[in-house]
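# Structure assessment
The chain contents come next:
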Protein chains: 8
Amino acid sequence: MYNEKILQILMEFKQGKISTDEALEALKKLPYEDLGFAKIDYHREIRKGFPEVIFCQGKTPEQVKEIAFNMFKNGSDVLGTRASREHFEAVKEVVEKAVYYEEARIISIRNTPIKKTKGIIGVVAAGTSDLPVAEEAAITAELMGNTVKRFYDVGVAGLHRLLDKLDEIRQCRVLIAVAGMEGALPTVLGGLVSSPIIAVPTSVGYGANFHGLSALLTMLNSCASGVSVVNIDNGFGAAYSASLINRIGEESK
Amino acid sequence: MYNEKILQILMEFKQGKISTDEALEALKKLPYEDLGFAKIDYHREIRKGFPEVIFCQGKTPEQVKEIAFNMFKNGSDVLGTRASREHFEAVKEVVEKAVYYEEARIISIRNTPIKKTKGIIGVVAAGTSDLPVAEEAAITAELMGNTVKRFYDVGVAGLHRLLDKLDEIRQCRVLIAVAGMEGALPTVLGGLVSSPIIAVPTSVGYGANFHGLSALLTMLNSCASGVSVVNIDNGFGAAYSASLINRIGEESK
Amino acid sequence: MYNEKILQILMEFKQGKISTDEALEALKKLPYEDLGFAKIDYHREIRKGFPEVIFCQGKTPEQVKEIAFNMFKNGSDVLGTRASREHFEAVKEVVEKAVYYEEARIISIRNTPIKKTKGIIGVVAAGTSDLPVAEEAAITAELMGNTVKRFYDVGVAGLHRLLDKLDEIRQCRVLIAVAGMEGALPTVLGGLVSSPIIAVPTSVGYGANFHGLSALLTMLNSCASGVSVVNIDNGFGAAYSASLINRIGEESK
Amino acid sequence: MYNEKILQILMEFKQGKISTDEALEALKKLPYEDLGFAKIDYHREIRKGFPEVIFCQGKTPEQVKEIAFNMFKNGSDVLGTRASREHFEAVKEVVEKAVYYEEARIISIRNTPIKKTKGIIGVVAAGTSDLPVAEEAAITAELMGNTVKRFYDVGVAGLHRLLDKLDEIRQCRVLIAVAGMEGALPTVLGGLVSSPIIAVPTSVGYGANFHGLSALLTMLNSCASGVSVVNIDNGFGAAYSASLINRIGEESK
Amino acid sequence: MYNEKILQILMEFKQGKISTDEALEALKKLPYEDLGFAKIDYHREIRKGFPEVIFCQGKTPEQVKEIAFNMFKNGSDVLGTRASREHFEAVKEVVEKAVYYEEARIISIRNTPIKKTKGIIGVVAAGTSDLPVAEEAAITAELMGNTVKRFYDVGVAGLHRLLDKLDEIRQCRVLIAVAGMEGALPTVLGGLVSSPIIAVPTSVGYGANFHGLSALLTMLNSCASGVSVVNIDNGFGAAYSASLINRIGEESK
Amino acid sequence: MYNEKILQILMEFKQGKISTDEALEALKKLPYEDLGFAKIDYHREIRKGFPEVIFCQGKTPEQVKEIAFNMFKNGSDVLGTRASREHFEAVKEVVEKAVYYEEARIISIRNTPIKKTKGIIGVVAAGTSDLPVAEEAAITAELMGNTVKRFYDVGVAGLHRLLDKLDEIRQCRVLIAVAGMEGALPTVLGGLVSSPIIAVPTSVGYGANFHGLSALLTMLNSCASGVSVVNIDNGFGAAYSASLINRIGEESK
Amino acid sequence: MYNEKILQILMEFKQGKISTDEALEALKKLPYEDLGFAKIDYHREIRKGFPEVIFCQGKTPEQVKEIAFNMFKNGSDVLGTRASREHFEAVKEVVEKAVYYEEARIISIRNTPIKKTKGIIGVVAAGTSDLPVAEEAAITAELMGNTVKRFYDVGVAGLHRLLDKLDEIRQCRVLIAVAGMEGALPTVLGGLVSSPIIAVPTSVGYGANFHGLSALLTMLNSCASGVSVVNIDNGFGAAYSASLINRIGEESK
Amino acid sequence: MYNEKILQILMEFKQGKISTDEALEALKKLPYEDLGFAKIDYHREIRKGFPEVIFCQGKTPEQVKEIAFNMFKNGSDVLGTRASREHFEAVKEVVEKAVYYEEARIISIRNTPIKKTKGIIGVVAAGTSDLPVAEEAAITAELMGNTVKRFYDVGVAGLHRLLDKLDEIRQCRVLIAVAGMEGALPTVLGGLVSSPIIAVPTSVGYGANFHGLSALLTMLNSCASGVSVVNIDNGFGAAYSASLINRIGEESK
């Protein structure tokens, strides 16, 4: 398709439809257009179910409002993560249909309907304090068009709760495992399932937890295979990776 | 299927095909067999292309020889990672057809033929010093039945080399991105492709690299989405995760 | 008894049996003798089943030989930890009946017979690479007079192996849980048993393990209760603590 | 006992007392019931003197109120740790007899009377700033049914205060040693007593204390034997471990 | 010129214009004056376009007001960094023409006009959250008399944006590259340009970012040459270094 | 003097002035009194110019008030460090003559006059932001009876200011060197003087300063001899050490 | 010049000198050629005095030999850093005129003569143990065509040595300041000169030096302006940055 | 004396004994000579009992030989620290009377006799593994002319040994406290004595000791006053500081 673009310019030039200068200009832009193309291609894929993303933390409500409004006007779906209620209320002023997921700290505006995948992303969380991160992952995955199942409060210190849900957990195509404190959940899970696991350490804990470092190191050193890790509290990132993986199953059908 | 097993035992018992003791024994094992079942099921999946794995580092050549020999005798494929030449030579004594991948530090013994996937795992490595880890990933992935393409020496400090290979890289279903020093490769890659990326920090570097910590932190903090991370130098773990993901595409067809 | 000592000095002084100077001297020394007493008391307790301990690492074979020989001559039992074969051979030259536990790196010389406790100390270890530390704990505990049961290779990534042994593990009065890499064993164990658990992180692992830091932090942050932790690779310390606890059960009977 | 359960189901099935479906159902549940059993067993033990525990920090007063109320209604004793006054006041609204230990930050609701152990848990604290953590340990231990003695402000920089209390300290079956700053108390104590010591580093200090890291490392590296360590500021965890140990002495009688 | 000062004193002394004591005094001070000379020399250079600098953070508005007022009265240009609006308003009370750059947190008072360099300092910033630091660098550089071009929001996860600006970026004599999170921008930039790059890690990010440590390590380990690094968030320091470098080009002409 | 106490009791006992019981009691207490003696001895020394010390941080104003009042009533001098204005005002309510050193965050109450030493403690501070710590050191040293000279704002980045004061600095018997950020002052000082230097790192700085870690490591690694270091921001500790050293010179005369 | 290339292709196509396919091919390659162009342009600049660079550490002598030989054959100058004598001897076998700088661990092969700059790069080193890193910087800078002056053993603990050389140091256009241990040299230097300083922390030291971390943090926190920092022991990187800066002065003339 | 030098030059100039140029030259050099003077002054002081010091670690035997020989020839006393036997043997070749202290790793050559101080430096060490560092301190202090008393193996886990020596320890003017592992010795000592204490953490230990970090942090956070700290294993530095302090007592007499 890139070849065709060059060919078309050459032909239009040969046929005198465009001047030398116009051909030069058109061709000169191509390299960047090509890289821009990558971007457009990328965008198109994203549009196939993935909303645009605004990382709200560190931005003023006013800034978020402006970005969200522009995206919305251009027909984009909007996903705002790490959004406070203040962020949401500013957005709400200009986009009536904006929705706020309080626990997940997510703002969503939809211009397009969400089609759900057949494959399931399972979000498994160790403790109730891990829920904000788990919900950030779950809501993000849902807004990206995935069917999501939640398995909450199944930490490894009460193993029976996890084993109880094992059959359902095994039916998921991808798993997101969210845990703070000592972060052992993904390891135990990794020994029991055969789906890829995206592990999310949370900053839940105190003392020698060092704001999530403990859970992070645990997950990176997991002696179970099939576990890969994202940044502390990065529920969004885990959902994004899980979405890319889940889509592989969808597209292959 | 688990139900069927219990049902079958019950019926055989009722029909007198097995004695009370035999039924008791069979049933008593079930809970464990069930969990073992998970294991067996897991094993079976693994056997669909995934060899058994021995982490050789820290084991004596004698120990590795013994484990490998037993596995081999039982018809298993054998995959030994972090294997020194001494490990290999010990294994070679008892299993003639053992193969050693020197750079990847992998011992392989095959009882079953390897069937290659249609989907491709791309192994992208930043520098020549990262090759041992990249090869551990690539050979592991191949021995697990994946079609693998290698893209080596495409570090981000010489961007054109990476861009030059971009079309081919985009055709991969999953990517393993291996980089040491500042570890920026997965971030740049993540902005250019739409496949899930498993990032492997390597311990290549010196000084403020702190044995791979620098690359690890870079990858965890990547501002590109779709990147998840394994432990420093863990080429095997990246390949294992990538295999699970690649299989999703194969099985869905 | 202390009162009596003072009384006796006072009386001898009043009765003129000792001079003012002698009374002064005798009384002045008392505080230190009292504290020295503490020591003797402490030693006596130790002799009730606990051998003397030499930390051999960092000492020359010659030094260890000398210390061990003197202890032995004085009728003490001798326990040398972190002992290399060189240390042992030096000791063997002068004390024929010295015994070396190679994997545990322990030298033992007994002047007194070992009486075993009724209560059991269970030593639970995650992987085969953790065995040197687990054996240091197990042999130390045995030499301190405890009945010890070993549960090895029951890491949480293969949960069924651990569950399989659970009944036996639950019969132990105290547990020592030894694990490297991500160190999740004590947490899972803590949710399944009601005995106190002494957790020993090992330096087994690589990369973001940081020489045992990962397992140490995991154990300190364990979300299971009843878990306390000793230094990385400190099998001896865990056994010592477990012995003190086990003795509580013995003595109470 | 597990065998008997299976046998019983088999027999009832053979004798037609239960249908195939009922036998199937009963047997299928067994593995989970067994693990659930663990839970029940565990619960029963806990009920033998140990209240249920809510970690309040990070939960809203509303959430704590709801959990506490449900526990209380079910006849459970309730122990809420890291509870603020706000948490307490919310609970107080629905459970009149809730009690708040301000310094220990503990909420307690009792449905059952507390029976005290004969064995004593000694809580030894270095400085006045360590008292909140020491009190968390002491109150927790008391609510778990232990007889507790407090030895406060006996830091090692004023050794005579510690030595003054030594006789009483030696009469304790288990010791909890709480210290911040340089955290030397457990080491000095470990050289003077023969009870097991659970050491609790506190985050008291500044500068190179690094929020308790200094005291934590000191305690892990203690050259005195018989010392094991819990997380920074984890008074509850120390009390829980000490309770398990103390109970060994009670039960053996 | 230093020689001349000594010469002058000697001559005045010989000619009786100054007494022995006065000569002694004058000469005794010289060594210090010489080092003071360095200072004066340094100041003079600074006055050639570089304002005086007050690091406002940690100073009270009152303190900053006083320092700024005295400098201003003495004819100095004043540059206050890390200044809050409160700092500015205090200064504004006494120096009407003080200017505040809100995003850059800089107060400027000019007694002398700013002459712009021919050579350009390019300030390249990865994300919108990095702008306060980028602006601190840009405004500082401008107030030091440099011509500055801003290239913002050109992070490496969207490579085309950076490549799009490459021609303009290449025309800069020195580059300041500002990035938080994974901090890969200077490395990618370093492979594409031939100007020296001053890299500024920012504290933008969360979790394993550890307040900028991640970006700092990335930049120090950059596999691209020509990159040197300043402290986290130190936009001022980068601008100062860049100014010294840019001046080399100006002065050589 | 200790001997005399015992002697006195013995004599009073022999002379029938005290009964056997009374002698016993008096003597029994002696061991503790002996250790208390150490304390008393220590106190006496302290009273020779050193006030009692309350570390106020982390104590409530009410607690500080109570401690200070009791000390004051007993004739002690009182020194409260890390005291907020709230602390002071609470103390002021009950002890009219309490004095507050705002910048040093010190409360002082004197029952005894301060006699100044001949030897001088020099407090050398690098920057204006280091003054609170420097003043804590200076005021503490003065209240402990030392003659103190302050050399402030003589950081090594403007060397002439330091050299200018060198003669005066060299006349000090002991030096306290206070510096934050890169903490180079003690090293440079150590190469220029022959007095012992107590170095105090401060938490002044940002980014890779890591709350004073940078300055702390610099000082510990100083290539100049004669430098020893106290905790970050520990002006009091430096003054205490310097006082002990200064007293050596006083007492020897 | 890029425009001209496109123009030329267009014209040759219009004039029928090249076929449609040839034009297509030529144009299609342009984007990459353009980025390649960047590379070529970059190379050309490098050839203006900068040799190609091989980072030898972690490569086998055989690998280095091969790379060096190919570079040499293609007319490139070759610079091998972190080269052991073994590396050199392997290279020497195939390129007779290879030169080895032992202390700097550098291999150099020249196809082109070196032209020296007018501007001077000063390499200032604190201690004799820092010399390998200082020499790596100095030799690299010389091989890149810079005039280099060495100022060694001028650490700040003996300030007079540094001040003694100050006049000469001030005549340098750029400074490279190399220091280990506490790393204070660049700060002191930064207060005395007005050239840009590239600071190189070395791993010289022990204990709390943590392999150069101490010096690295010191330099990043320098309170003197105009200092930027490279990785620990990275003499090459400092020289490269200094060369880019020095070239600015040369080219501007 | 500095004044006199200037005066002399002025007078010689006025009297025509030296020309204008000569006066100029003489005066111009003065500032540096003055600082050089500082050095000479410093040297002279050192010669009053303090030998010159060579830090041998990281230097070749050949280098140490050369430096030592030159010093020796110039009449200096020579002190070589961190010297291996190889270093010593090289020195021995050229200076017959060189002496080697094996455990302390010190080479000493004396041109001048050592005069001992009246005041005593006490070197107190916790464990036998700390002896190399303790001996480095003790031998250094002795070679610097101090009377030294050693108190070894008095770690705080066996308190009575320390208390037993307390009287003698209290007679020392300065104390050096050497301890590894948890490093509690200086804190306990600080509560019992009134001399200044220089604390030396050693790298003795394993696991969470982190090469001495544990002991270092303990000592910096000591809750006992009068303790200052030097780098890990820096016995020499402690002795140097202690010597400066001890000399204060000597000189004051």
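Residues numbered from 1 in each chain as written. Chains lettered and ligands numbered in written order. Predicted model: local features only at pLDDT ≥ 70, side-chain atom pairs only at ≥ 80, totals over all residues. Heavy atoms only, no water.

In the annotation of an unreviewed UniProt entry, chain A is listed under the name NCAIR mutase (PurE)-related protein-like protein and assigned to Thermoanaerobacter pseudethanolicus.

## A look at the pairing of strand 8 (residues 197-201) of chain G
All names here are of chain G. Summarising burial for strand 8: 5 of the 5 residues are buried, a large majority. With burial as the criterion, each face of strand 8 is covered, one bearing Ile197, Ala199 and Pro201 and the other bearing Ile198 and Val200. Sheet topology note: the strand 7 (residues 174-179)/strand 8 ladder contains 5 bridges and is parallel. Bridge pairing links Ile176 to Ile198 in strand 8. Since strand 7 and strand 8 lie parallel, the crossover through helix 8 (residues 185-190) that links them has a hand, and here it is right-handed. Bridge count for strand 8 against strand 9 (residues 227-229) is 3 bridges, and the pairing is parallel. Bridge pairing links Ile198 to Ser228 in strand 9. A crossover connection joins strand 8 to the parallel strand 9 through helix 9 (residues 213-220); in handedness this β-α-β unit is right-handed. (Buried < 20%, exposed > 50% of the residue type's maximum accessible area, 1.4 Å probe, protein only. Helix = DSSP H or I, 4+ residues; strand = E, 2+ residues; numbered from the N terminus. Pairing = 2+ DSSP bridges. Right-handed = clockwise from strand over helix to strand, strands pointing away.)

## Observations regarding the interface of chain E and chain F
Taken together, the contact between chain E and chain F spans 14 residues of the former and 8 residues of the latter. Taken over both partners, the interface formed by chain E and chain F buries close to 1000 Å², and the fraction arising from carbon and sulfur atoms is 62%. The interface formed by chain E and chain F includes 0 salt bridges. For the side of chain E that touches chain F, the elements supplying multiple residues, two or more each, are helix 2 (20-47) and helix 9 (213-220) of chain E. (Contact = heavy atoms within 4.5 Å. Buried area = accessible area lost by both parts, 1.4 Å probe. Salt bridge = Lys/Arg side-chain N within 4 Å of Asp/Glu carboxyl O.)

## Side note on the pattern of salt bridges
Residue and element names in this part refer to chain E. The final tally for this structure, using the stated rule, is 88 salt bridges over all chains. The residue Glu136 makes a salt bridge to Arg82 at a minimum N-O spacing of 3.5 Å. Of this pair, Glu136 sits in helix 5 (residues 131-143) while Arg82 sits in the loop between strand 2 (78-81) and helix 4 (85-94); the two residues are 54 residues apart in sequence, bridging distant segments of the chain. You'll find Glu136 and Arg82 in the same group, each marked buried.

## Some points on the packing of helix 3 (residues 61-73) of chain F against helix 4 (residues 85-94) of chain F
Residue and element names in this part refer to chain F. Their axes nearest at 8 Å, the elements helix 3 and helix 4 cross at an angle of 45°. Judged by the angle between their axes, helix 3 and helix 4 are oblique. You can see that helix 3 and helix 4 cross each other, and the crossing is right-handed. Counting all contacts with helix 3, which are made through Pro61, Val64, Lys65, Ala68 and Phe69, the residues of helix 4 involved are Glu86, His87, Ala90, Val91, Glu93 and Val94. Here the contact of helix 3 with helix 4 is composed, by residue class, of 7 nonpolar, 1 polar and 3 charged. (Axes fitted to C-alpha atoms, helices over the stretch in contact; angles between N-to-C directions. Parallel < 35°, antiparallel > 145°, perpendicular 65-115°, else oblique. Left-handed = near helix turned anticlockwise from the far one by under 90°. Nonpolar A, V, L, I, M, F, W, Y, C, P; charged D, E, K, R; others polar.)

## Quick look at the relation of the copies chain E and chain F
With an RMSD of 0.6 Å, the fit of chain E onto chain F corresponds to turning through 88° and sliding 0.3 Å along the axis. The transformation relating the two chain copies, once decomposed into turn and shift, fits a four-fold axis. Closest to the rotation axis within chain E is the C-alpha of Phe210(E), separated from it by 7.3 Å. (Least-squares fit on C-alpha atoms with pLDDT ≥ 70 in both.)

## Re the interface of chain A and chain B
Between chain A and chain B, the contact holds 33 residues from the first and 33 residues from the second. Summed over both partners, the interface of chain A with chain B buries about 2700 Å², with 63% contributed by carbon and sulfur atoms. Taken together, the links from chain A to chain B amount to 0 salt bridges. When contributions to the side of chain A that touches chain B are tallied by element, the ones reaching two or more residues are helix 2 (20-47), helix 9 (213-220), strand 9 (227-229) and helix 10 (235-252) of chain A. Examining the composition of the side of chain A that touches chain B, we find that 9 residues originate from one element, helix 10 of chain A, more than from any other. Class assignment for the residues of the side of chain A that touches chain B results in 18 nonpolar, 10 polar and 5 charged.

## Comments concerning the relation of the copies chain A and chain B
Take chain A, turn it by 179°, move it 0.4 Å along the axis, and it overlays chain B with an RMSD of 0.8 Å. Interpreted geometrically, this transformation is the action of a two-fold axis. Across chain A, the smallest distance between a C-alpha and the rotation axis is recorded for Val229(A), namely 2.4 Å. With an isologous cut-off of 70% or more, the 97% of interface residues of chain A that recur at the interface of chain B puts this contact in the isologous class.

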